[in-house]
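Survey of secondary and tertiary structure
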Amino acid sequence: MYQDLLLATDGSDAARRATDHGIELASKLEATLHVLSVSEAGPQATEKQDRLRSDPEDEAVSAAERAREAADQEGVDVTTDIRQGVPQEQIVDYAETNPIDMVIVGTAGRSGLDHLISGSVAEEIVRNAPVPVLTVRERT
């Protein structure tokens, strides 16, 4: 039933927890783990880039590589892909255009004003993905 799992990662703490869950689940199901990282585009990406003073493309590649290495260590079949754009749109598009059975994504669990202003990538994925979505909360 679940043979192809899509793990969306940006390298954040929440994404690292989702990676651990995704690898464990893929291992138990003998599934392929498809790792996707999105180099962000748009107004939020500019704000994030200014704060971190780093290259979004390099961040995306590094996040995907870390997840791939962790999956390899556990003997999980893994593929990686890097896309550019709005993360939630690219993740949903990947799930729609590839044989994906489930999406795994981390969530920081923001609420209140922060959530209203920036929205939630995970929430948009849950609303729009064509397959079940497993959300993994960041430890609080």
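Structure: above.
Residues numbered from 1 in each chain as written. Predicted model: local features only at pLDDT ≥ 70, side-chain atom pairs only at ≥ 80, totals over all residues. Heavy atoms only, no water.

Their axes nearest at 9 Å, the elements helix 4 (residues 87-97) and helix 6 (residues 121-128) cross at an angle of 30°. With respect to each other, helix 4 and helix 6 are oriented roughly parallel. By crossing handedness, the relation of helix 4 to helix 6 is classed as right-handed. Contact with helix 4, carried on its side by Pro87, Gln88, Ile91, Val92 and Glu96, involves Val121, Glu124, Ile125 and Asn128 of helix 6 and no other residues of that element. Of the residues belonging to the contact of helix 4 with helix 6, the class tally is five nonpolar, two polar and two charged. (Axes fitted to C-alpha atoms, helices over the stretch in contact; angles between N-to-C directions. Helix = DSSP H or I, 4+ residues; strand = E, 2+ residues; numbered from the N terminus. Parallel < 35°, antiparallel > 145°, perpendicular 65-115°, else oblique. Left-handed = near helix turned anticlockwise from the far one by under 90°. Contact = heavy atoms within 4.5 Å. Nonpolar A, V, L, I, M, F, W, Y, C, P; charged D, E, K, R; others polar.)

Moving on to the packing of helix 1 (residues 13-29) against helix 3 (residues 56-73). Helix 3 packs onto helix 1 with a crossing angle of 30° between their chain directions and a minimal axis gap of 10 Å. In terms of their interaxial angle, helix 1 and helix 3 are classed as roughly parallel. At the point where helix 1 passes helix 3, the crossing takes the right-handed sense. When helix 1 is examined against helix 3, the residues Arg16, Thr19 and Ile23 are found in contact with a partner set consisting of Arg66, Ala67, Ala70 and Ala71. Its residues placed into classes, the contact of helix 1 with helix 3 shows four nonpolar, one polar and two charged.

Right, let's talk about the side chain of threonine 9 for a bit. Along the chain, the position of threonine 9 falls in the loop between strand 1 (4-8) and helix 1. On the basis of relative accessibility, which here comes to 8%, the residue threonine 9 falls in the buried class. At a separation of 3.2 Å, a polar atom in the side chain of threonine 9 contacts the main-chain amide nitrogen of glycine 11. If near-sequence neighbours (up to four positions away) are discounted, threonine 9 is found in contact with Ala15, Thr19, Val35, Leu36, Ser37, Val38, Ala63, Ala64 and Ala67. (Buried < 20%, exposed > 50% of the residue type's maximum accessible area, 1.4 Å probe, protein only. Polar contact = N/O pair within 3.5 Å; in protein donor to acceptor, adjacent residues only side chain to side chain.)

Moving on, we get to the sheet that holds strand 3 (residues 78-85). The sheet built from five strands is open, its strands ordered 3-2-1-4-5 with parallel pairing. Looking at strand neighbours, the two that pair on one side only are strand 3 and strand 5 (133-137), the edges of this open sheet. This sheet shows a mean twist of 25° between the axes of neighbouring strands, independent of strand direction. Bridge count for strand 1 against strand 2 (residues 32-40) is five bridges, and the pairing is parallel. Its bridge partner lying in strand 2, alanine 8 is registered against leucine 36. Of the strands in this sheet, strand 1, strand 2 and strand 3 are in contact with helix 3, which crosses strand 2 at around 165°. Each of strand 4 (102-107) and strand 5 touches helix 6; the most contacted strand, strand 4, lies at about 160° to it. (Pairing = 2+ DSSP bridges.)

Before going further, it helps to spend a moment on the environment of alanine 129. Relative to the helices and strands, alanine 129 resides in the loop between helix 6 and strand 5. Separated by 37 residues in sequence, alanine 129 and valine 92 place their C-alpha atoms 5.2 Å apart.

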